[in-house]
Amino acid sequence: MEAQASSRFGQSVLDLIENLGKPVIAAINGFALGGGCETAMACTVRIALENAKFGQPEVKLGLLPGGGGTQRLPRLVGRSRALRLILTGESISAQEAYRIGLIDEIATAGDLIPRAEAILKQIFSNAPNAVKFAIEAVNKGLDTSLAEGCLLEASLFGICAATEDKKEGTTAFLEKACPQFQGR
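From a predicted model like this one, the values you see are computed outputs, not experimental measurements.

Asker: For this particular structure, what's the right way to read the overall build of the protein?
Answerer: When you go through the protein residue by residue, the secondary structure sums to nine helices and six strands. Its C-alpha atoms give the protein principal-axis dimensions of about 60 × 40 × 30 Å. Looking at the protein as a whole, 34% of its 184 residues qualify as buried. Long-range pairs, those at least 24 residues apart, make up 57% of the contacts in the protein with a sequence separation of at least 6. As displayed, the protein has an accessible area near 11100 Å², and 59% of this comes from carbon and sulfur atoms.

Asker: What exactly am I supposed to notice about the pairing of strand β3 (residues 45-49) here?
Answerer: Regular strands place their side chains on alternate faces of the sheet. With five of five residues buried, β3 is to be regarded as a mostly interior element. Of the two faces of β3, the one carrying Val-45, Ile-47 and Leu-49 and the one carrying Arg-46 and Ala-48 are both buried. Bridge count between strand β1 (residues 25-28) and β3: four bridges; the pairing is parallel. Among the inter-strand pairings, Ile-25 is bridged to a residue of β3, identified as Val-45. Bridge analysis of β3 against strand β6 (residues 105-107) gives three bridges, and the strand direction is parallel. Each residue of the ladder has a partner; that of Ile-47, found in β6, is Glu-105.

Asker: Honestly, the sheet that holds β1 in this entry has me stumped. Any pointers?
Answerer: Whenever strands of a sheet pair, they do so through backbone hydrogen bonds, lying parallel or antiparallel. In space, the three strands of this open sheet follow the order β1-β3-β6, with parallel pairing throughout. Two strands lie at the open edges of the sheet, namely β1 and β6, each paired on one side alone. Across the sheet, the axes of successive neighbouring strands diverge by a mean angle of 25 degrees, strand direction being ignored. Along the sheet, helix α6 (residues 112-124) contacts β1, β3 and β6; its crossing angle with β3, the most-contacted strand, is approximately 165 degrees.

Asker: What exactly am I supposed to notice about the packing of helix α3 (residues 69-77) against helix α4 (residues 79-88) here?
Answerer: At a minimum axis distance of 7 Å, the contact between α3 and α4 shows a crossing angle of 135 degrees. By the criterion of interaxial angle, the relationship of α3 to α4 is oblique. When you trace α3 past α4, the crossing you get is right-handed. Where α3 approaches α4, its residues Gly-69, Thr-70, Leu-73, Pro-74 and Val-77 are matched on the opposing element by Arg-79, Arg-81, Ala-82, Leu-85 and Ile-86.

Conventions adopted
Residues numbered from 1 in each chain as written. Predicted model: local features only at pLDDT ≥ 70, side-chain atom pairs only at ≥ 80, totals over all residues. Heavy atoms only, no water. Helix = DSSP H or I, 4+ residues; strand = E, 2+ residues; numbered from the N terminus. Buried < 20%, exposed > 50% of the residue type's maximum accessible area, 1.4 Å probe, protein only. Contact = heavy atoms within 4.5 Å. Areas by Shrake-Rupley, 256 points an atom, 1.4 Å probe, with all protein chains shown as cover. Pairing = 2+ DSSP bridges. Axes fitted to C-alpha atoms, helices over the stretch in contact; angles between N-to-C directions. Parallel < 35°, antiparallel > 145°, perpendicular 65-115°, else oblique. Left-handed = near helix turned anticlockwise from the far one by under 90°.

Shown next as structure tokens:
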């Protein structure tokens, strides 16, 4: 029972990261194995150094991933690839992680944090509510049918369409200016 409670606690922490409503970028410098890989998978964007390693080696310890790895990994890389990684416990390179869609970008040593900051700056230049609702639509929509996901998307689109930020964004676009979003 203690191990199950520990797994549920870890899952709840990673659920908070995944559903924060704000982007969270994982900048991976080294090993992201087991819980480290699960933490990275809960993030909105994953950037890694070219020498980073990824994996779910829990089976080598007589366990299975307990922080959501059996659920997030197949959603990111597909069922077959996820099962192979989970069942073999093997580690993969950053290049392989990028190829299969586990990470979004590979950076060089001096560029890891600047790239993460640049992506955040680009995201934060957009309307805060639109960003929040886009994250919600993707995260919640993946757990539903396509029709239910589209209904959620339409609902959140409607909410955004009624905001001051939508008016600001449209006006700025028409005037070829930078929008000044206020989160309203």
